[in-house]
Amino acid sequence: MSSELKKIERAARFLQRRLKISPTIGLVLGSGLSDALGELEQKQRFLWEQIPHFPRPTVMGHAGEWVFGVLEKKSVLISRGRVHFYEGYSMSEIAFPIRVMKLLGIKRVILTNAAGAINKDFSVGDFVLIRDHINTIPDNPLRGENISELGPRFPNLLDAYSVRLRALAKEAARDMGLELKEGVYVATPGPMYETPAEIEAYKRWGADVVGMSTVPEVIAARHCGLEVLAISVVTNMAAGIGSDKLTHEEVLEITKRREGDLAKLLRAIVAKM
């Protein structure tokens with residue numbers, strides 16, 4: 001057994017001994033979205049610093065805790081925040097929470113993030129369902145020794161973003177009368193925002209939105225057999241697309257403004273799972 005798997009199992013056992021429920025759905029709430037879903041029934045809360053081997057978020061807008069409970073009659077785990085490559089974490093550390101989710105019995109995961117719009121048909125505040133991705137982060141969580149107990153050496157990413165879950169999300173949005181756009185997400189290393197020339201290149205590649213997260217988690221989740229749904233909140237127009245200078249504070253402001261509608265959408269999606 002690899003040393004990494006031993007760490008994952010230790011973290012999972014720590015939680016299993018304390019949990020009142022067995023979650024089947026995981027939700028990862030991105031920048032500024034940590035409070036989006038409010039209170040849960042049968043709530044249990046664990047700070048990441050309490051859980052063995054967990055990383056510690058260093059970015060404003062990422063609370064760094066797991067909340068377990070019941071949402072829309074489903075047993076869920078809500079990750080309030082995440083860690084990123086640009087914070088100096090290894091890909092194993094970034095993937096660690098997703099892999100613990102797997103050992104806790106989670107089958108499906110919903111990932112959210114804040115993103116910049118490359119597609120000029122998108123506007124600040126839009127919700128974008130990710131249908132595929134382009135990865136420019138110069139590493140991935142599967143490099144090195146394969147943890148065969150979790151998944152195969154060469155996983156297939158053909159259906160990285162579940163067609164079935166995307167259909168559920170579109171149905172939930174229609175029921176709410178909420179516009180849900182769809183596009184390709186390009187993941188960049190960060191922490192700097194992209195240059196106009198880089199954004200032009202990503203546009204030619206076919207990218208619609210750009211961000212600094214999510215893809216490593218998707219790779220880890222698909223490797224270990226989790227079904228994935230991902231939604232971006234457009235917080236700004238990307239460099240060269242919009243005229244404004246970009247700041248993290250403005251990103252958090254937009255996510256807070258759209259938090260209520262995102263919460264309703266996520267609850268409606270969970271209810272259909």
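What counts, and at which threshold
What you see as residue numbers is a count from 1 along each chain, following the sequence as written. Only residues with pLDDT of 70 or above have their local features reported here, since the model is predicted, and side-chain atom pairs are shown and tallied only from 80 upward, although totals for entire chains, interfaces and linings are computed over all residues. Water and hydrogen atoms play no part in the side-chain values, which are based on all heavy atoms of the structure. Secondary structure is summarised from DSSP: a helix means a run of H or I of at least four residues, a strand means a run of E of at least two, and numbering begins at the N terminus for each. A simple rule labels every residue: compare its accessible area, found with a 1.4 Å probe on the protein chains alone, to the largest value its type can have, and call it buried under 20%, exposed over 50%, or partly exposed in between. Only heavy atoms matter for contacts: two residues are in contact if any of them lie within 4.5 Å across the pair. All accessible-area figures derive from a Shrake-Rupley calculation using a 1.4 Å probe, and residue coverage is judged against the displayed protein chains alone. In this tally Asp and Glu are treated as negative and Lys and Arg as positive; neither His nor the chain ends contributes. To locate a charge, take atom NZ for lysine, CZ for arginine, CG for aspartate or CD for glutamate. Strand pairing requires that DSSP identify at least two bridges connecting the strands. Comment: axis = line fitted to C-alpha atoms, over the contacting stretch for helices; angle = value between 0 and 180 degrees taken between N-to-C directions. What sets the label is the angle itself: under 35 degrees gives roughly parallel, over 145 gives roughly antiparallel, 65 to 115 gives roughly perpendicular, and the rest give oblique. Put simply, a crossing is left-handed when the front helix is turned counterclockwise from the back one by less than a right angle, and right-handed when it is turned clockwise.

Visitor: Teacher, can you tell me more about the overall build of the protein chain here?
Guide: On a plain count of helices and strands, the protein chain comes out with 6 helices and 9 strands. Expressed along its principal axes, the backbone C-alpha trace of the protein chain runs to roughly 50 × 40 × 35 Å. Looking at the protein chain residue by residue over its 273 residues, the buried ones come to 58%. A separation threshold of at least 6 residues defines the contact pool for the protein chain, and within that pool the share at least 24 residues apart is 83%. Of the accessible surface of the protein chain, which amounts to about 11800 Å², a share of 48% is contributed by carbon and sulfur atoms. For the protein chain, the distance from the average site of its 37 positive side-chain charges to the average site of its 33 negative ones is 6 Å.

Visitor: I tried to follow the pairing of strand β5 (residues 108–117) on my own but got confused; where do I start?
Guide: If a strand is regular, its side chains alternate between the two faces of the sheet. Burial within β5 is extensive, with 10 of its 10 residues counted as buried. Inspection of the sheet shows β5 paired to strand β9 (residues 227–237) by 10 bridges, in the parallel sense. The partner of I110 across the bridge, within β9, is L229. The sheet contact formed by β5 and strand β8 (residues 209–211) spans 2 bridges and is antiparallel. Bridged to A117 within β8 is V209.

Visitor: I would appreciate a short explanation of the packing of helix α2 (residues 91–103) against helix α5 (residues 215–223) in the present structure.
Guide: A pair of packed helices is characterised by two quantities: the angle between their axes and the separation of those axes. Where α2 meets α5, the closest approach of the two axes is 9 Å, and the angle between their N-to-C directions is 55°. Looking at the two axes, α2 sits oblique to α5. With respect to the hand of their crossing, α2 and α5 are arranged in right-handed fashion. Across the interface between the two elements, M91, I94, A95, I98 and R99 from α2 touch P216, E217, A220, A221 and H223 from α5.

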